[in-house]
Amino acid sequence: MSQKKIDKDNLPKHVAVIMDGNGRWAKKKGLRREFGHKAGRKAVKKIIESCVELNIKHLTLYAFSVENWNRPKIEIDLLMQLLLLSLKDELNNLNKNNIKFNTIGDIGKMPKKIFDYLIKVKKETKNNTKLTLTLALSYGGRNEIIDAVRNISMKVKNNIISLKKIDESVINDHLYTRHYPDVDLLIRTSGEKRISNFLLWQIAYAELYFTAKLWPDFNKKDLFKAIISYQNRERRFGKTSEQIK
Ligand code: IPE
Ligand code: IPE
Ligand code: MG
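Presented here is an overview of the structure given in this document. Quantities reported herein were computed from a predicted structural model and do not represent experimental measurements.

Cut-off values and rules
Residues numbered from 1 in each chain as written. Chains lettered and ligands numbered in written order. Predicted model: local features only at pLDDT ≥ 70, side-chain atom pairs only at ≥ 80, totals over all residues. Heavy atoms only, no water. Patch = residues over 30% accessible without salt bridge, like charges linked within 9 Å, V, L, I, M, F, W, Y side chains within 5 Å. Areas by Shrake-Rupley, 256 points an atom, 1.4 Å probe, with all protein chains shown as cover. Salt bridge = Lys/Arg side-chain N within 4 Å of Asp/Glu carboxyl O. Lys, Arg positive; Asp, Glu negative; His and termini not counted. Charge placed at Lys NZ, Arg CZ, Asp CG, Glu CD. Helix = DSSP H or I, 4+ residues; strand = E, 2+ residues; numbered from the N terminus. Buried < 20%, exposed > 50% of the residue type's maximum accessible area, 1.4 Å probe, protein only. 1 Å grid on protein atoms, 1.4 Å probe; cavity = no way out; pocket = protein on both sides within 12 Å on 5 of 7 lines; lining within 4 Å. Points joined across faces, edges and corners; volume = space filled by probe spheres on them. Nonpolar A, V, L, I, M, F, W, Y, C, P; charged D, E, K, R; others polar. Near = heavy atom within 4 Å. Polar contact = N/O pair within 3.5 Å; in protein donor to acceptor, adjacent residues only side chain to side chain. Sits in = over half its atoms within 2 Å of the grid points.

Some details on a negative patch on the surface
No. 1: Residues Asp167, Glu168, Asp173 and Asp182 make up a contiguous surface patch of negative charge.
No. 2: With respect to the element layout, Glu168 can be found in helix α6 (residues 168-173).
No. 3: Exposure remark for Glu168: the relative accessible area of 58% places this residue in the exposed category.

In C-alpha cells form, the structure reads like this:
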C-alpha cells in the first residue's frame, strides 16, 4: 500500500530544485516576465521554510544557470537586482532560522556588488546548522566537472594525488558540492522534463520528480507531495527488490 503522509524517518537528505516557469506564469496572467520572477521569490521563501519545518538538511536551488547569461540584458539585470534584494531581506531570517547559506557556480561573473554580498551572507551564516541552503548561481554542471578535472590534473602533475587513487570520492571532493550528500530528490517545476545542466554528477541516483506547476505556484503542499512520491519509491541502487527487503 502506498503511504499518504510524510514519514519523518525516511526524508531525503538532499533536495535539489530546478525552479522553472516564472516567465510562463507571468505570461498566463498577461504580465511581463519580471512579475513572474518577483512571484518566484515568494515561492523560494515558502520552500525554505518547509524544509526547515521538515528537518531536511540540504536544499539546493537552481537560480541562474551559465546558459541564463544568454538572456536579454534587461532580464539579467532584473534577476540580479532581485537577488540582491532577497539577500538583503533574508540575511536576518537565515540567522534566526539557523540556516547556512552557500552558493555553487562561478559567482565571480556576477556584478561586484552582488558578489560581495554573497560572500558576506556566507560568512555571516557559516556556523548555522539546521539547513544548508545552496543557491546555484552562474552554475553549469559541465563547468563544475571541468573545474574538478583541472584541479585533480594539477594535483596529479604535482604528485599530490596518484593517478591510481582517482576514484568517486576524489571526484566528489573536487566538486563545488564537496561535503554534501548526493542528491536524493530532484524536483523540476513547469512541466519541462530535462536537467538543463544541473548537478550532473550528483544526481546519478537521485529520484526525479516533475510537476506541471509553474514555480511561483509551487507551495508547501507540492513539496510534501514530491516527498511522499519519493518515499513511495524503491531505491534499489542496482540491486534486486528482494535484496532491498
Ligand atoms: C525560471 O523561470 C527562472 C530562471 C531561469 C531564472 P524562467 O524564467 O525560465 O521561466 P520560463 O521557463 O520562461 O517560463
Ligand atoms: C533552468 O531553467 C535554470 C534555472 C531554473 C535557473 P531554464 O528555463 O533556463 O532552462 P531551459 O533552458 O528551458 O532548459
Ligand atoms: Mg525556463
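Quick notes on the layout of surface pockets
No. 1: Roughly 1200 Å³ of internal volume is contained in the largest pocket.
No. 2: Around the largest pocket, the lining is made up of 49 residues, and of these Met19, Asn22, Val44, Tyr62 and Ala63 lie nearest the centre.
No. 3: Contributions of two or more residues to the lining of the largest pocket are made by α1 (22-28), α2 (33-54), β2 (58-65), α3 (73-96), β3 (99-104) and β4 (131-139).
No. 4: Counting residues per element, the lining of the largest pocket draws most heavily on α2, at 11 residues.
No. 5: Residue classes in the lining of the largest pocket are distributed as 24 nonpolar, 11 polar and 14 charged.
No. 6: Volume-wise, the second largest pocket comes out at about 160 Å³.

Overview of the site of ligand 1
No. 1: Taken together, 13 residues lie around ligand 1, and Asp20, Gly23, Arg24, Arg33 and Arg71 are the ones closest in.
No. 2: In the environment of ligand 1, an oxygen atom lies 2.8 Å from a nitrogen or oxygen atom belonging to the side chain of Arg33.
No. 3: When ligand 1 sits alone it has 380 Å² of accessible area, and the protein chains cover 86% of it.
No. 4: A molecule is said to occupy a pocket when more than half its atoms come within 2 Å of that pocket's grid points, and by this definition ligand 1 occupies the largest pocket.
No. 5: Elements represented by at least two residues in the shell around ligand 1 include exactly α1, α2 and α3.
No. 6: Take the shell around ligand 1: its biggest share by element is 3 residues, from α1.
No. 7: For the shell around ligand 1, a count of residues per class yields 3 nonpolar, 5 polar and 5 charged.

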